Amino acid sequence: MEAVALRPAPESAPMRPVLVPPTSPARPVGSRARRWLRLHRGAFRAALIGLVSLVLFVALWQYLTANRVALYVRFLNIPTPMDVLGRAIIALRSPVFGDHVLISCRRILLGFLLAGGIAVPLGLLMGRYRLLREIAFPICEVLRPIPAIAWVPMAIMLWPTNEGSIVFITFLGSFFPVLINTLQGMAQVDPVLVRAARCLGASEPAVFREVYLPASLPQIFTGLTVGMGVAWVSLIAAEMISGQFGIGYFTWEAYSLVQYPDIALGMITIGLLGLGSSFAIRLAGRLVMPWAAAR
């Protein structure tokens, strides 16, 4: 066997020091909490201002109704906040009030989903194809100014059931705001992006999916938010006129039976339901459009 000579390392090649990245010390819990509060300071400020304004509103309501103020506007028969709170406690213990709320929520959900499911694709197609827009847009513009209350007699004649007519009126109330905002979103799409997608070989469905739809989503969700508010207005009007169940019928029946606290309770319930549904649409918009929330 041959002996292998071990060569010593040359002295001209010094050893390079190994750089170890500095480790940041763990932040204490108090420091992280202060940083989180500092980042969300604007949201806390807005929530605090909103809470204060609501408290002032309720205090003014209490003062006007407790003192029976009768200037140009009369507060003689308006219930106080404590009266409404007492009726709310009784109503929440009764299954009848819950049934009214659930029926209204079912109607608004069905009518709104039908309106969004038809108005959004129709608006996208009308914004893309001029011939379809020239055919459908005049019809929509003639029907759009007709208020929901005016549709009640026609809806009763069109639909065999009372439930179908109320859902139809709710559908009409939310359909046109969603359609118009979708058309507006399509009109604001940058044509340079469309030409760039076609130069890269994108097909027509791919252009719709990758260019038109993402660019129109902010306007679409604006239309959905506005449409939800109009849908609640249309639903309450339909329930007051031709309904036998629902929160609108509950409010109108309270007026017929001279139960004034129940009128205020129904109005507050409608406001809270509308607020919750609009918040759900905005939350869905943030999930679908994360780039919009990051700006």
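Just above sits the structure.
As the structure is a prediction and not an experimental result, all values here were calculated from the model. (Residues numbered from 1 in each chain as written. Predicted model: local features only at pLDDT ≥ 70, side-chain atom pairs only at ≥ 80, totals over all residues. Heavy atoms only, no water.)

### Regarding the environment of Phe208
Point 1. Along the chain, the position of Phe208 falls in helix H9 (residues 204–242).
Point 2. Excluding residues within four positions of it along the chain, Phe208 makes contact with Leu124, Leu125, Arg128, Tyr129, Met186, Leu213 and Pro214. (Helix = DSSP H or I, 4+ residues; strand = E, 2+ residues; numbered from the N terminus. Contact = heavy atoms within 4.5 Å.)

### Concerning the side chain of Ser104
Point 1. Note on placement: Ser104 falls in helix H4 (residues 95–128).
Point 2. For Ser104, a relative accessible area of 0% translates into the label buried. (Buried < 20%, exposed > 50% of the residue type's maximum accessible area, 1.4 Å probe, protein only.)

### Thoughts on a nonpolar patch on the surface
Point 1. A cluster of nonpolar side chains, namely Leu48, Leu51, Val52, Val55 and Leu56, defines an oily patch on the protein surface of about 490 Å² accessible area.
Point 2. Mapped onto the secondary structure, Leu48 falls in helix H2 (residues 41–66). (Patch = residues over 30% accessible without salt bridge, like charges linked within 9 Å, V, L, I, M, F, W, Y side chains within 5 Å. Areas by Shrake-Rupley, 256 points an atom, 1.4 Å probe, with all protein chains shown as cover. Salt bridge = Lys/Arg side-chain N within 4 Å of Asp/Glu carboxyl O.)

### Digging into H2
Point 1. End to end, H2 covers 37 Å across 26 residues, agreeing with the expected 38 Å (1.5 Å per residue, within 8%).
Point 2. Looking only at H2, the buried set comprises Trp61, Leu64 and Thr65.
Point 3. Residues of H2 that are buried make contact with helix H3 (81–93) and helix H11 (260–288).
Point 4. Immediately downstream of H2, the backbone of Arg68 shows phi near 50°, a positive value. (Expected span 1.5 Å × (residues − 1).)

### Describing the side chain of Thr80
Point 1. Relative to the assigned elements, Thr80 resides in the loop between H2 and H3.
Point 2. Relative accessible area serves as the criterion here: at 10%, Thr80 is assigned to the buried category.
Point 3. A distance of 3.0 Å separates polar atoms of two side chains, one belonging to Thr80 and the other to Asp83.
Point 4. Beyond its immediate chain neighbours, meaning those up to four positions away, Thr80 contacts Trp61, Gln62, Thr65 and Ala66. (Polar contact = N/O pair within 3.5 Å; in protein donor to acceptor, adjacent residues only side chain to side chain.)

### As for the environment of Leu235
Point 1. Here Leu235 is to be found in helix H9.
Point 2. Its relative accessible area of 0% is what places Leu235 among the buried residues.

### Observations regarding the packing of aromatic side chains
Think of a pair of aromatic rings as described by two things: how far the centres are apart, and how the planes are tilted against each other in angle.
Point 1. Taken as a whole, this structure holds seven aromatic pairs when the rule is applied.
Point 2. Judged by centre distance (5.9 Å) and plane angle (80°), the ring pair of Trp151 and Phe168 falls under edge-to-face. Taken together, the positions of Trp151 in helix H6 (residues 151–158) and Phe168 in helix H7 (residues 162–187) put the pair 17 residues apart, joining distant regions of the chain.
Point 3. A ring pair is formed by Phe175 and Phe176, whose centres lie 5.2 Å apart and whose planes are at 80°; its orientation type is edge-to-face. Of the two residues, Phe175 and Phe176, both sit in the buried class.
Point 4. Through a chain of ring-to-ring contacts, three or more aromatic side chains come together here, namely Trp151, Trp159 and Phe168.
Point 5. The ring of Tyr129 carries the charged tip of Arg128 above its face, separated from the ring centre by 5.4 Å. (Phe/Tyr/Trp six-rings, centres within 6.5 Å; stacked < 30°, edge-to-face > 60°. Lys NZ or Arg CZ within 6 Å of the ring centre and 35° of its normal.)

### Regarding the pattern of salt bridges
Point 1. One pass over the structure, following the stated rule, counts eight salt bridges.
Point 2. Between Asp262 and Arg87 there is a salt bridge, with the nearest N and O atoms lying 3.0 Å from each other. Taken together, the residues span a long stretch of sequence, with Asp262 in helix H11 and Arg87 in helix H3 at a distance of 175 residues.
Point 3. Judged by relative accessible area, which is 4%, Asp262 ranks as buried.
Point 4. With relative accessibility at 30%, the residue Arg87 sits in the partly exposed group.
Point 5. Between Arg209 and Glu210 there is a salt bridge; the shortest N-O distance is 3.3 Å.
Point 6. Members of the salt-bridge network, linked through shared partners, are Arg106, Arg107, Glu163 and Glu239.

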